[in-house]
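Observations on the three-dimensional arrangement
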Amino acid sequence: MKTLSLRFVVVFYLVCALYTHIASGSGPYKPTWESLDARPLPQWYDDSKIGIFIHWGVFSVPSFGSEWFWYYWKTSKSPNIVKFMERNYKPNFTYAEFAPHFTAELYDPKHWAQLFKKSGAKYVVLTSKHHEGYINIS
Ligand SMILES: *[C@@H]1O[C@H](CO)[C@@H](O)[C@H](O)[C@H]1NC(C)=O
């Protein structure tokens, strides 16, 4: 389990470092899709059959829909999301009002690491920020 946690930290660091490197524009890659798509995938990534991406944030509070909750509710006005909000929240409730209820009280990294290891996943990526702008757990 310690190995998995260390691996997670290493992968997370590498992703951050890669992003910083690309964003600075100082490496072999430029911040364009054409340039980024030209980079080779690391062998360990190609060899991995299972990886886990964690999407856990303010959008998790209503426990309905997906990490795109805000977009489906306010932009595309998806009927099932709009209906869900009408049924379960006061009129004019705002997305920002979900934020104080994201307390991450079920955050249990040791248990998660055991579960991820048992699943056979070779890497775990924690999504740190979504389109709605809230920084998630880190
Ligand atoms: C909700 O907002 C609308 C538009 O601003 C307003 O007319 C209405 O009174 C508000 N409803 C409540 C319950 O606050």
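A quick note: this is a predicted structure, and the numbers were derived from the prediction, not measured.

**Some thoughts on the confidence of the model for the protein chain**
In the predicted model, the protein chain carries a mean pLDDT of 86, and 79% of its residues have values of at least 70. No element of the protein chain has a lower mean pLDDT than helix α1 (residues 2-24), which averages 61, and none a higher one than helix α5 (residues 79-88), which averages 98.

**Focus: the UniProt feature "transmembrane region" (unreviewed entry) in the protein chain**
Residues given the UniProt feature "transmembrane region" (unreviewed entry) here are residues 49-73. With 20% helix and 16% strand, residues 49-73 has end C-alpha atoms that lie 34 Å from one another.

**Observations regarding unusual backbone geometry**
Within the chain, K77 stands out as a residue other than glycine whose phi angle is a positive 50°. Within the element layout of this structure, K77 appears in the loop between α4 (69-75) and α5. Note on K77: relative accessible area 53%, which makes it exposed.

**Re the side chain of S78**
Tracing the chain through its elements places S78 in the loop between α4 and α5. Here S78 falls in the buried class, since its relative accessible area comes to 18%. Engagement of the side chain of S78 in a polar contact is seen with the side chain of N80, the distance being 2.6 Å.

**Notes on the environment of F69**
Relative to the helices and strands, F69 resides in helix α4. Owing to a relative accessible area of 0%, F69 belongs among the buried residues under this scheme. Distance in space between the C-alpha atoms of F69 and E132 is 9.2 Å, their sequence separation being 63 residues. The contact partners of F69, leaving out residues within four places of it in the chain, are F59, P62, F64, I81, F84, M85, Y95 and F98.

**Thoughts on the nonpolar core**
In a soluble, globular protein the nonpolar side chains are often hidden away together inside. Ranked by size, the top nonpolar core spans 19 residues in total, and within it I54, F69, W73, M85, Y95 and F98 carry the most contacts. Only β1 (51-54), α4, α5, α6 (109-119) and β2 (123-126) provide two or more residues apiece to this core. If one sorts the elements of this core by residue count, α5 sits on top with 3 residues. Excluding its chain neighbours within four sequence positions, the residues that come into contact with Y95 are V58, F59, F69, W70, W73, E132 and Y134.

**Overview of the environment of K122**
Examined against the element boundaries, K122 turns out to sit in the loop between α6 and β2. K122 sits in the partly exposed class, given a relative accessible area of 45%. Distance in space between the C-alpha atoms of K122 and D47 is 9.1 Å, their sequence separation being 75 residues.

**A look at α6**
Burial in α6 covers these residues: W112, A113 and F116. Looking straight down α6, one finds its buried side chains confined to an arc of 100°; they lie on one side. Away from the buried face of α6 by more than 90 degrees, exposed residues K110 and K118 are located. Backbone geometry just downstream of α6 places G120 in the positive-phi region, at approximately 90°.

Reading the values: the criteria
Residues numbered from 1 in each chain as written. Predicted model: local features only at pLDDT ≥ 70, side-chain atom pairs only at ≥ 80, totals over all residues. Heavy atoms only, no water. pLDDT = per-residue confidence, 0-100. Helix = DSSP H or I, 4+ residues; strand = E, 2+ residues; numbered from the N terminus. UniProt positions renumbered as here; feature names shortened; annotations may be inferred. Buried < 20%, exposed > 50% of the residue type's maximum accessible area, 1.4 Å probe, protein only. Polar contact = N/O pair within 3.5 Å; in protein donor to acceptor, adjacent residues only side chain to side chain. Contact = heavy atoms within 4.5 Å. Core = buried A, V, L, I, M, F, W, Y, C linked by side-chain atoms within 4.5 Å. Arc of directions from axis to C-beta.

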